[in-house]
Amino acid sequence: MATVAAEARVFLEVRRRLQSALLILGDSKEGGLPMAVSVTPSSLRMQSPGGCTELRLPAGVRLAPSSCRGLQHVPGDGLHLRLHARAECRPELISVFNQSLQAQECCTFYCQSCGEVVIRDRMLLRVLPLPGDNWGALVDEWCCHPNPFANKPLHPQENDCFTGDCFYLVNLKSDLWQPRPEGASVETHHPSSENHPKLTPKANTKVICKRCKVMLGETVSSETTKFYMTEIIILPSERNFPIIPRSQFVQSIIAQCMVELSSARSTFRFTIQGHDDKVYILLWLLNSDSLVIESLGQSTSIQKFPVLEDVLKANASSAWNAVKVLYQPCIKSRNAELSSLWENDISVHSLTLPSTTCLELLLILSKSNATLPPSLRCMNSFQVAFLKM
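Quantities reported herein were computed from a predicted structural model and do not represent experimental measurements.

Cut-off values and rules
Residues numbered from 1 in each chain as written. Predicted model: local features only at pLDDT ≥ 70, side-chain atom pairs only at ≥ 80, totals over all residues. Heavy atoms only, no water. Core = buried A, V, L, I, M, F, W, Y, C linked by side-chain atoms within 4.5 Å. Buried < 20%, exposed > 50% of the residue type's maximum accessible area, 1.4 Å probe, protein only. Helix = DSSP H or I, 4+ residues; strand = E, 2+ residues; numbered from the N terminus. Contact = heavy atoms within 4.5 Å. Patch = residues over 30% accessible without salt bridge, like charges linked within 9 Å, V, L, I, M, F, W, Y side chains within 5 Å. Areas by Shrake-Rupley, 256 points an atom, 1.4 Å probe, with all protein chains shown as cover. Salt bridge = Lys/Arg side-chain N within 4 Å of Asp/Glu carboxyl O. Pairing = 2+ DSSP bridges. Axes fitted to C-alpha atoms, helices over the stretch in contact; angles between N-to-C directions.

**Concerning the nonpolar core**
Membership of the largest hydrophobic core comes to 49 residues, with the highest contact counts inside it found for Phe227, Met258, Ile281, Leu283, Leu365 and Leu387. Ranked by the residues each element gives to this core, the list is headed by helix α2 (residues 246-265), at eight residues. Non-local contacts of Met258, meaning those with residues more than four positions away in its chain, are made with Phe270, Leu283, Leu285, Val323, Val325 and Leu387.

**A short note on a nonpolar patch on the surface**
A cluster of nonpolar side chains, contributed by Phe268, Trp284, Leu286 and Met379, occupies part of the molecular surface with about 340 Å² of accessible area. Tracing the chain through its elements places Phe268 in the loop between α2 and β21 (269-274). Judged by relative accessible area, which is 40%, Phe268 ranks as partly exposed.

**Quick look at the sheet that holds strand β11 (residues 117-124)**
In sheet architecture, strand pairing relies on hydrogen bonds along the backbone and comes in two forms, parallel and antiparallel. Taken in spatial order, the three strands of this open sheet run β11-β10-β20, and their pairing is antiparallel. Across the chains shown, the open sheet's two edge strands, defined by having one partner strand only, are β11 and β20 (232-236). Pairs of neighbouring strands in the sheet enclose a mean axial angle of 25°, with direction left out of account. Sheet topology note: the strand β10 (residues 105-111)/β11 ladder contains five bridges and is antiparallel. Each residue of the ladder has a partner; that of Cys107, found in β11, is Arg122.

**Here we look at the side chain of Ser339**
Note on placement: Ser339 falls in helix α4 (residues 336-343). Apart from the residues lying within four places of it in its own chain, the contact partners of Ser339 are Val279, Leu282 and Cys330.

**Observations concerning the environment of Gly70**
Tracing the chain through its elements places Gly70 in strand β8 (residues 69-74). Put simply, Gly70 and His80 are 10 residues apart on the chain and 7.3 Å apart in space, counted from C-alpha to C-alpha.

See the structure below:
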């Protein structure tokens, strides 16, 4: 894509499955100016007294100019119109777990925030997905004999890695030859024996990165550790650590978790709760086939339309694959009644993350919402946001 000149702002959302697009053309000057708009299959051109803006679409994206319809001017946004579109490009995902990673492969676990090595050169003999939360009830329902797995947690054996909805379970027994990193150690607090003679020591199960002090996970048992997918990157040991902006990584992981769960379990509503069991966000997945394209121009009012701060630093024009979500914040007792209803609804799935990551995600959603065209920011009582994949 290339943008020439600078005054007009463009927001284009292409829906792959529907083969449709919503185009919003804004002007840097409130009140608007005369504008000549030219739409071709591969580009958009806006000519106004303030200058000329040309936006070339990514390869694989094509518009149908003759299908333009629904032209209207929306105060605060600019011109709205809809048209047919095709987008053949597919997202390049930051995989939550590298599917090309096979058994017998040597891997290294990194802290995503700072790149610190958490587990070095671990040979993974088995990489297995964990069943759903209600797997025990299903066994009871379908088996004619007593459940052989009753009250038996699924813990990985040596050199196993189990994957949950948004976490990994790793057995650290085979790492006994290597001291557990100080940052990944479990701090145990011993109460005074004089004041509490009958109490057993209470362990702080947080697993903390020794370099940046970020919470990476929790210890589940003496041998098993849970690492959150939003905090850890697992790569073959011969590969270098990739530097990925934190906000981009978090929203990509959450977006992929929601897409995978919605596909496998027909679940579209999610509660995002912290490791402290508090609900921070209610999320409702609307669609996962959006391609968002925008030209921000060079005007001083640029902050009205950018969606990602990482994109802003790179270029005034951007295109990304995204999921569209509705959300409600639940911090400081907001939306307490709705949160309670969702928690008691079996069709709502819960995703547990470190509390600081929940707040990061809420900030990402709020920034996305605040920088959308005003008419797209709300739907019913929910706020709208895009999460980049």
